[in-house]
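Listed here are the chains, written in short residue letters.
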Amino acid sequence: NAGVTQTPKFQVLKTGQSMTLQCAQDMNHNSMYWYRQDPGMGLRLIYYSASEGTTDKGEVPNGYNVSRLNKREFSLRLESAAPSQTSVYFCASSETGNQPQHFGDGTRLSIL
Amino acid sequence: LAKTTQPISMDSYEGQEVNITCSHNNIATNDYITWYQQFPSQGPRFIIQGYKTKVTNEVASLFIPADRKSSTLSLPRVSLSDTAVYYCLVGDMRDNFNKFYFGSGTKLNVKP
């Protein structure tokens, strides 16, 4: 019972490089989310997908793009990485938008 | 979206009952309250959700007074493994989707 799976778990990038973070859920959930968490801080919503085929900006979308590839998969892309994007990235899913969210274990991303 | 306020940190000892209070003074009629738990290096995990009065599950209890301007998460007989950050969130049950704002949460430190 995998739940929400994120890949990779760790990544180091140089400034200006691009990167796609992958997320897949096996719970047949409709809604999916991407958050970032900086040290000692709470989670901030980057983008979300309320249902397959839709995506919308969250609280901190600048510098990111997303793709809801199908119902299972929701990817986050950094086109030109910046040191300010060094963070832990969490993907989550929920049955619908007002149901509890299930989180992955995160991707720890460092940008030098 | 109702803003929530929680204590930054709390200390407790093993075996004690811990109560974490969240203030949400401008909660709306259709808002509900959800609590999450986050261990270091992991994504948040749903604990409990409620609208009014008292809700109990195998992990915790949630007390919500009649005016609903605050809520209290109660953890019975905590152990060292309950050391974590606890987040209180408020969302609108009418919405198909809620953009939750996690804030900084309450860091609970359980001592032996």
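Look up a bit, the structure's there.
Here's a quick rundown of the structure. (Residues numbered from 1 in each chain as written. Chains lettered and ligands numbered in written order. Predicted model: local features only at pLDDT ≥ 70, side-chain atom pairs only at ≥ 80, totals over all residues. Heavy atoms only, no water.)

1. Looking at the interface of chain B and chain A
Each partner contributes residues to the interface: chain B has 22 residues there, and chain A has 23 residues. The junction of chain B with chain A conceals about 1700 Å² of combined surface from both sides, 56% of it contributed by carbon and sulfur atoms. For the interface between chain B and chain A, the tally reads 0 salt bridges. Along the contact surface separating chain B from chain A lie 4 residue pairs in polar contact (both at pLDDT 80 or more). Looking at the side of chain B that touches chain A, the elements that each hand over two or more residues are strand S3 (31-38), strand S4 (45-50) and strand S8 (84-92) of chain B. Ranked by residues supplied to the side of chain B that touches chain A, first place goes to S3(B) with 3 residues. (Contact = heavy atoms within 4.5 Å. Buried area = accessible area lost by both parts, 1.4 Å probe. Salt bridge = Lys/Arg side-chain N within 4 Å of Asp/Glu carboxyl O. Polar contact = N/O pair within 3.5 Å; in protein donor to acceptor, adjacent residues only side chain to side chain. Helix = DSSP H or I, 4+ residues; strand = E, 2+ residues; numbered from the N terminus.)

2. A word on the pairing of strand S5 (residues 43-49) of chain A
The side chains of a regular strand alternate, residue by residue, between the two faces of the sheet. All names here are of chain A. The element S5 is largely enclosed, with a buried count of 6 among its 7 residues. Pairing of strand S4 (residues 31-37) with S5 involves 6 bridges; the strand directions are antiparallel. Bridge pairing in S5 places Met32 opposite Ser49. Between S4 and S5, which pair antiparallel and follow one another directly, the connecting turn spans 5 residues, one of which, Gly40, has a positive phi of 70°. Two strands pair when backbone bridges link them, and S5 and strand S6 (residues 56-57) are joined in this way by 2 bridges, in the antiparallel orientation. Residue pairing for S6: Tyr47 is matched across the bridge by Lys57. (Buried < 20%, exposed > 50% of the residue type's maximum accessible area, 1.4 Å probe, protein only. Pairing = 2+ DSSP bridges.)

Interpretation in functional terms is not warranted from these geometric data alone.
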